[in-house]
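Read off the chains here:
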Amino acid sequence: AKDAGRGRAVLFDERMRERARGRMRLRAELHRALERHEIVVHYQPLVDLRTGAMVAAEALMRWQHPTMGLLAPDDFLPLAQDSDLIIELDEHVARQACTDIGVLGRALGRGLGAWVNYSARTLASPTLCKVTESARSDAGLAPEDLTVEVTENALLEDLATTGRALQELRRQHVRLAIDDFGAGHTALTYLTRLPVSAVKLDRSFTQAIDTSPVDRAVVRSVADLARALGLVTVAEGVETGSQLNLAAASGCHLGQGYLLSRPAEYGSLIDLAHRPAID
Ligand code: C2E
Ligand code: CA
Ligand code: CA
Ligand code: CA
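Keep in mind that what you see is a predicted model, and the values were worked out from it rather than measured.

Okay, the overall build of the protein chain next. Along the protein chain, the regular secondary structure elements total 12 helices and 9 strands. Whereas a compact globule of 279 residues would reach a radius of gyration of roughly 19 Å, the protein chain reaches 20 Å, a difference of no more than 12%. Along the three orthogonal principal directions, the C-alpha set of the protein chain runs to about 65 × 45 × 40 Å. Of the contacts formed within the protein chain by residues at least 6 apart in sequence, a portion of 68% connects residues at least 24 apart. For the protein chain, the accessible area works out to roughly 14200 Å², and carbon and sulfur atoms hold 53% of it. Computed over 32 positive and 37 negative side-chain charges, the separation of the two mean positions in the protein chain equals 3 Å.

This is the structure in structure tokens:
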């Protein structure tokens with residue numbers, strides 16, 4: 001039995017080493033992915049819950065890997081987040097999103113919002129505000145049509161540094177949304193001390209809204225508070241019609257989720273944008 005145990009330990013060791021080698025290979029490939037044009041942007045609509053109209057789209061990063069296929073952020077972002085590579089990736093996505101959404105907004109003849117995700121490390125980059133400003137203005141996107149999404153956890157990492165970046169973006173009239181609201185160490189002081197325009201309720205709330213009266217009460221209070229502060233509330237992760245109806249009835253302004261649309265390529269977003277709103 002002892003020998004068998006040792007055998008398993010050796011096997012386990014081998015597998016760990018193989019995994020580590022795989023991660024190192026992927027990390028090295030990720031460093032070249034940008035110049036190889038393998039980093040692509042998918043878009044998920046944000047929909048006005050009263051009218052059904054698409055008012056914005058969130059940019060979600062994907063890696064079109066040459067052999068592994070389309071990779072989601074969970075598969076590769078952790079490999080980038082401990083180095084400055086994440087800054088380059090985030091800035092690339094922001095630039096692409098401003099360009100794409102700017103073009104689509106002009107085609108539709110109305111303002112369309114581009115919502116982009118910035119990680120903690122990206123927010124701490126000294127050149128981020130300049131880069132964001134040029135991405136936006138080069139694309140001809142109005143400042144209020146660009147929203148930067150930041151998770152509560154990213155804010156927590158270094159509130160002094162991220163706070164400065166957010167104030168600077170605000171001076172450029174770029175908007176700020178708190179992402180995954182309620183999922184982390186939510187401090188309501190973020191809402192009053194930082195120049196926030198929107199809260200995105202974590203999908204765990206949206207998805208409990210039709211089964212749990214407590215969660216429904218939480219959603220309603222957050223939406224009430226947000227409204228009182230002049231903020232927009234977004235219900236993330238809407239998957240069913242009843243979640244959609246309850247999110248609207250609880251005071252959420254915008255919805256996002258598989259029911260409305262899965263994240264999709266820019267081409268599909270264009271098709272969706274030209275379809276008449278459902279009511
Ligand atoms: P997030 O910002 O909270 O984005 C929402 C995630 O939920 C996306 O996963 C989206 O595909 C997924 N989602 C949307 N609707 C539904 C739904 O109805 N049900 C369920 N179960 N999921 C839904 P995705 O694209 O895999 O992204 C995961 C996370 O990766 C994002 O979470 C965000 O934190 C991060 N991320 C994505 N793109 C970027 C980026 O460009 N930069 C940075 N820094 N982070 C990014
Ligand atoms: Ca987000
Ligand atoms: Ca989120
Ligand atoms: Ca999330």
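Moving on: the coordination of the calcium ion (ligand 3). Those donors, Asp-179 (OD), Asp-180 (OD), Glu-236 (OE) and Glu-236 (OE), are the protein atoms that reach the calcium ion (ligand 3), and they lie 2.2 to 2.5 Å from it. Read in sequence order, the donor residues for the calcium ion (ligand 3) give the motif D-D-x55-E. When its relative accessible area of 12% is taken as the criterion, Glu-236 is described as buried.

So, on to the site of ligand 1. Around ligand 1, a shell composed of 22 residues is seen, among which Arg-62, Asp-90, Asp-179, Glu-239 and Tyr-258 lie nearest. Between Glu-58 and ligand 1, the recorded distance is 3.2 Å, taken from a side-chain N or O atom to an oxygen atom. When the free accessible area of ligand 1 is taken as 800 Å², the share hidden by the protein chains comes to 84%. Every element with two or more residues in the shell around ligand 1 is listed here: strand 2 (54-65), helix 2 (73-80), helix 3 (85-108), strand 6 (175-181) and helix 9 (203-208). Taken together, the residues that form the shell around ligand 1 break down as 8 nonpolar, 6 polar and 8 charged.

Evaluation of the coordinates by the stated rule reveals 2 aromatic pairs. Between the aromatic rings of Trp-63 and Phe-76, the centroid separation amounts to 5.7 Å while the plane-to-plane angle is 80°, which identifies the pairing as edge-to-face. Linking Trp-63 in strand 2 with Phe-76 in helix 2, this pair joins segments that are 13 residues apart in sequence. The exposure class of Trp-63 is buried, given its relative accessible area of 0%. For Phe-76, a relative accessible area of 0% puts it in the buried group. One Lys or Arg, Arg-262, reaches over the ring of Tyr-258 and ends 3.8 Å from the middle of that ring.

To continue, consider the packing of helix 3 against helix 5 (residues 128-138). Here helix 3 crosses helix 5 at 20°, and the two axes come no closer than 8 Å. Regarding the angle of helix 3 to helix 5, the classification is roughly parallel. Both helix 3 and helix 5 take part in a crossing whose hand is right-handed. For the pair helix 3 and helix 5, the contacting residues are Glu-91, Arg-95 and Cys-98 in the first and Leu-128, Val-131, Ser-134, Ala-135, Arg-136 and Asp-138 in the second.

With that settled, consider the confidence of the model for the protein chain. Averaged over all residues, the pLDDT of the protein chain is 92; the fraction at 70 or higher stands at 97%. Interface confidence in the predicted complex, given as ipTM, is 0.98; pTM for the same model is 0.94.

Across the 5 residues that make up strand 4 (residues 113-117), a large majority, 4, are buried. Relative to strand 4, strand 2 is paired through 3 bridges, and the arrangement is parallel. When the sheet's bridge partners are listed, Ala-56 is paired in strand 4 with Gly-113. Looking at chain direction, strand 4 and strand 5 (residues 146-151) are connected through 4 bridges and run parallel. Residue Ala-114 lies in a different strand from strand 5, and its bridge partner there is Leu-146.

Each value, and the rule that gives it
Residues numbered from 1 in each chain as written. Chains lettered and ligands numbered in written order. Predicted model: local features only at pLDDT ≥ 70, side-chain atom pairs only at ≥ 80, totals over all residues. Heavy atoms only, no water. Helix = DSSP H or I, 4+ residues; strand = E, 2+ residues; numbered from the N terminus. Rg over C-alpha atoms; globule rule 2.2 N^0.38 Å. Contact = heavy atoms within 4.5 Å. Areas by Shrake-Rupley, 256 points an atom, 1.4 Å probe, with all protein chains shown as cover. Lys, Arg positive; Asp, Glu negative; His and termini not counted. Charge placed at Lys NZ, Arg CZ, Asp CG, Glu CD. Donors = N, O, S within 2.8 Å, 3.2 Å for Na, K, Ca; no water. Buried < 20%, exposed > 50% of the residue type's maximum accessible area, 1.4 Å probe, protein only. Near = heavy atom within 4 Å. Polar contact = N/O pair within 3.5 Å; in protein donor to acceptor, adjacent residues only side chain to side chain. Nonpolar A, V, L, I, M, F, W, Y, C, P; charged D, E, K, R; others polar. Phe/Tyr/Trp six-rings, centres within 6.5 Å; stacked < 30°, edge-to-face > 60°. Lys NZ or Arg CZ within 6 Å of the ring centre and 35° of its normal. Axes fitted to C-alpha atoms, helices over the stretch in contact; angles between N-to-C directions. Parallel < 35°, antiparallel > 145°, perpendicular 65-115°, else oblique. Left-handed = near helix turned anticlockwise from the far one by under 90°. pLDDT = per-residue confidence, 0-100. Pairing = 2+ DSSP bridges.

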